[in-house]
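# Analysis of the macromolecular model
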Amino acid sequence: MDTQNIITIPDGKVRDYIDNKLRNDTPEEYVRQTIERRLVDEHRYSRFQIAVEYILQVGSRKPRADLVIFDNNLDATQHTQEKVKIIIECKRESIKAGDSKDGIRQLQSYMSVCPNCEFGMWTNSVEKFVFRKVLNDRNEIEFVDYNDIPSVEGNIAEIDRPVRDNLKNASDDNLLFVFRTCHNHIYANDGLQKQPAFFELLKLIFCKIEDERNIQGELEFFATSAEKRSLDGQLTVKNRIGKIFSRVKSKYGKIFAKDDEIKLQPRSLANVVSELQKYDLLHTNIDIKGKAYEEIVGANLRGDRGEFFTPRNVMKMVVDMIDPQPNERVLDSSCGTGGFLVMAMNRVIDTLRQKYFKRFGSNNSIWQSQLQDLISETARNNFFGFDLNPDLVKATKMNMVMNNDGSGNILQTNSLLPPHEWSDDFKNQFAAALKIETVELRSHTAIAHFDVIVTNPPFGSNIPFKDDSILKQYELAHVWKMDKSTGKWTITDKLQSSVPPEILFIERCTQ
């Protein structure tokens, strides 16, 4: 009989990812645990070469560095201060880089007393600073800004110029950290409000994905550490990314106008590009990517009309229960950030892959090409999303582009309106996607064009509907009367004075 050791972690504690010790569950510890996973999963350092809360000798003081990294060829007896290669300080979000006690000066003082320490990183999950320690012409220590710490193989060049085959899949919350860092840098340095700052980040995510998809050429979405440090270099980055954005505008004309441009200052642009450049956004796990994207969208675009975004585990449960099939048309009638649609689309794509794999095997290049064409066609034709908020429509299109590109049928409308009141632009796009005539969308009795609806509609008594032209479409908006002799309810011509939106959405879904 197999036996298992079950370890119970007390409330208020976390088990350290590196040394397995129990530590207090604090905001600062959350940052450290996330960075520890990044060091192992993305940078490929072994746990053995990482030390947690390593005691340093700094003059008469003995502070603890949050994380230090040694060469992998050293045994435990050689893990001395003289052998430290990298130091990382992890702080809670409220501590700023300029803090006199816990900011970047603390990190630099630690690096200074470790003679072989070449790199250091300071982060509070919304800001990140990386320094390389060098000696100048006067044999004095200087700290030079760098994009990132090196990975275990120590290839310094790839910190500045990523290679396609070595792009990293993000792990856990690290992509969320990166998105936050980028957004907060734009927000703090470009004078933009949160929402415009988000859309500038969105443009760069589009550029990153377009660059990844351009497999015929070398990666162009990058900013070297040297380019970040000079205005001339920053302008070079701006020109390089601008060329990618021109391709993006040409490909996604329904999302970006022809005269749209990246509005970031060259310095901010170079910094954001350097944060994103090492990741493989196309192939990072859908849950990691989705969580990061939807949290950053929610923090910046959530409105005041019942827009509470659905937790990802709930979305997954619902999609698994519904089990949409490749030949079915799927709608989210209040799509928000597009999480339901992305999950449904990827479940269908997995179904297609399994069928092709079972029929043709795993190494048939011809069927792989056919499968990719079928995936593109299915994503393009079978997935639809509506939302009242035009900013969320744009955000959903981005989410779909990041996940196999079903962005063509994400449309802005109030889907509770009578169909004859829908805008001509919406009706024309909707009818074209359905391959029907616009006149067929004449009333609430003629909109049954979907096999699956998966949605979490806006809800709340503070946003009721009172308009008779809307209410009269819905049986649940009418007053019902019970016949006492039979106990049966019958609908009357009288309308209720107001109805919460979730009630109307339920019936609109059945329609």
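Here the structure is shown first, and the text comes after it.
Residues numbered from 1 in each chain as written. Predicted model: local features only at pLDDT ≥ 70, side-chain atom pairs only at ≥ 80, totals over all residues. Heavy atoms only, no water.

This model, assessed by the stated rule, comprises 17 aromatic pairs. Taken together, a centroid distance of 5.3 Å and an interplanar angle of 75 degrees make the contact between phenylalanine 245 and phenylalanine 256 edge-to-face. A residue pair is termed long-range when its members are at least 10 positions apart, and phenylalanine 245 in helix α7 (residues 231-251) and phenylalanine 256 in the loop between α7 and α8 (266-276) qualify at 11 residues. The same class applies to phenylalanine 245 as to phenylalanine 256, namely buried. (Phe/Tyr/Trp six-rings, centres within 6.5 Å; stacked < 30°, edge-to-face > 60°. Helix = DSSP H or I, 4+ residues; strand = E, 2+ residues; numbered from the N terminus. Buried < 20%, exposed > 50% of the residue type's maximum accessible area, 1.4 Å probe, protein only.)

A few words on the nonpolar core. Counting residues in hydrophobic clusters, the biggest one holds 47 residues, and the most contacted among them are Phe206, Ile241, Leu276 and Tyr293. Secondary-structure elements contributing two or more residues to this core are α4 (174-189), α5 (194-213), α7, α8, α9 (286-301) and α13 (390-402). Per-element tally for this core: the top contributor is α5, with 10 residues. Each residue touching phenylalanine 206, except ones within four places of it in the same chain, is listed here: Val248, Tyr252, Ile255, Phe256, Met398 and Val401. (Core = buried A, V, L, I, M, F, W, Y, C linked by side-chain atoms within 4.5 Å. Contact = heavy atoms within 4.5 Å.)

What follows is about the pairing of strand β5 (residues 86-90). Taken across its five residues, β5 has five buried, putting it largely inside the fold. Side chains Ile86, Ile88 and Cys90 of β5 all project onto a buried face; the interleaved residues Ile87 and Glu89 project onto the opposite face, where all are buried too. Pairing of strand β4 (residues 64-69) with β5 involves three bridges; the strand directions are antiparallel. For leucine 67, the partnering residue across the bridge sits in β5 and is isoleucine 88. Both β5 and strand β6 (residues 119-123) contribute to a ladder of five bridges, which runs parallel. Within β6, the position partnered with isoleucine 88 by the bridge is methionine 121. In terms of handedness, the path from β5 via helix α2 (residues 104-112) over to β6 forms a crossover that is right-handed. (Pairing = 2+ DSSP bridges. Right-handed = clockwise from strand over helix to strand, strands pointing away.)

Bringing the pairing of strand β10 (residues 383-387) into the picture now. Of all five residues that make up β10, five are buried, and the element is covered over most of its length. Burial along β10 is two-sided: the face carrying Phe383, Gly385 and Asp387 and the face carrying Phe384 and Phe386 are both buried. Both strand β9 (residues 330-332) and β10 contribute to a ladder of three bridges, which runs parallel. Its bridge partner lying in β10, valine 330 is registered against phenylalanine 383. Where β10 lies against strand β11 (residues 410-412), three bridges are found, and the strand directions are parallel. Within the sheet, the bridge partner assigned to glycine 385 lies in β11 and is isoleucine 410.

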